[in-house]
Amino acid sequence: SQRTLVLLKPDAVSRGLIGEIVGRVERKAGWRITALELRTLDRATLETHYAEHVGRPFYEPLLEFMASGPSVAMVVEGERVIEGLRALAGPTDPIAAAPGSIRGDFGTVVRENLIHASDSEESAERELKIFFPELPR
Ligand code: GTP
Ligand code: MG
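Cut-offs used in this document
- Residues numbered from 1 in each chain as written.
- Chains lettered and ligands numbered in written order.
- Predicted model: local features only at pLDDT ≥ 70, side-chain atom pairs only at ≥ 80, totals over all residues.
- Helix = DSSP H or I, 4+ residues; strand = E, 2+ residues; numbered from the N terminus.
- Contact = placed C-beta atoms within 7 Å.
- UniProt positions renumbered as here; feature names shortened; annotations may be inferred.
- Buried ≥ 20, exposed ≤ 12 C-beta atoms within 10 Å, placed from the backbone.
- Pairing = 2+ DSSP bridges.
- Axes fitted to C-alpha atoms, helices over the stretch in contact; angles between N-to-C directions.

### A short note on the overall build of the protein
Phase 1 of the analysis: What the protein contains, in helices and strands, is seven helices and four strands.
Phase 2 of the analysis: Going from the N terminus to the C terminus, the protein shows its helices and strands as β-α-α-β-α-α-β-α-α-β-α.
Phase 3 of the analysis: The principal-axis extent of the C-alpha atoms belonging to the protein is close to 40 × 35 × 25 Å.
Phase 4 of the analysis: Put simply, 69% of the contacts in the protein that link residues at least 6 apart link residues at least 24 apart.

### Topic: the UniProt feature "binding site: ATP" (unreviewed entry) in the protein
Phase 1 of the analysis: What UniProt calls "binding site: ATP" (unreviewed entry) maps, in this numbering, to Lys9, Phe58, Arg86, Thr92, Arg103 and Asn113.
Phase 2 of the analysis: Here Phe58 lies in the loop between α3 (43-49) and α4 (59-66).
Phase 3 of the analysis: By secondary structure assignment, the location of Arg103 is in helix α6 (residues 102-106).
Phase 4 of the analysis: Judged by C-beta crowding, with 23 C-beta atoms within 10 Å, Arg103 ranks as buried.

### What about the sheet that holds strand β3 (residues 71-78)?
Phase 1 of the analysis: Within the open sheet, the four strands sit side by side as β2-β3-β1-β4. Their pairing is antiparallel. Lying at the two open borders of the sheet, with one neighbouring strand each, are β2 (32-39) and β4 (115-117). Averaged over all adjacent pairs, the angle separating strand axes in this sheet is 15 degrees, with direction ignored.
Phase 2 of the analysis: Summarising the sheet, strand β1 (residues 2-8) and β3 pair through seven bridges and their orientation is antiparallel. Its bridge partner being in β3, Leu7 is matched across the sheet by Ala73.
Phase 3 of the analysis: This element, helix α5 (residues 81-89), spans β1, β3 and β4 of the sheet and lies at about 30 degrees to β1.
Phase 4 of the analysis: Packing of helix α7 (residues 121-131) onto the sheet brings it into contact with β1 and β3, and relative to β1 it is tilted by some 60 degrees.

Structure, rendered in structure tokens:
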């Protein structure tokens, strides 16, 4: 089985969508939430997490938004959970996301798209080390 890092971004928390989104993850048969924490992400953490986007025009506004209030960081484990959570989230751009996906149901603009989920096994291991360094691996 796999594990993945999920972030409920500051827009999800400020709009009162923690329960709605965590509920969708919990209800998925075979998946388990094994860590969960409300946390305001600091600049150093965000720079490491989003290193691949340095220099893109959306990078600075993205970091500013991600540091603007508390996020929920969680670890989800289960069969093919990496692919599964990306599907549950929907495409990056909420306008392109189908109804039924989290971004399709609640997303407004591309920057404030509610949720992050690791996009591969390599990303998941890298990101879990950043957000939950104390986890056994
Ligand atoms: P994450 O799960 O947050 O990593 O989203 P993603 O994998 O679907 O997208 P990606 O890693 O490409 O981009 C990271 C985040 O940067 C996105 O979730 C958006 O919040 C933001 N972002 C990406 N592309 C754009 C863009 O073209 N414009 C703006 N404003 N924001 C973007
Ligand atoms: Mg990404």
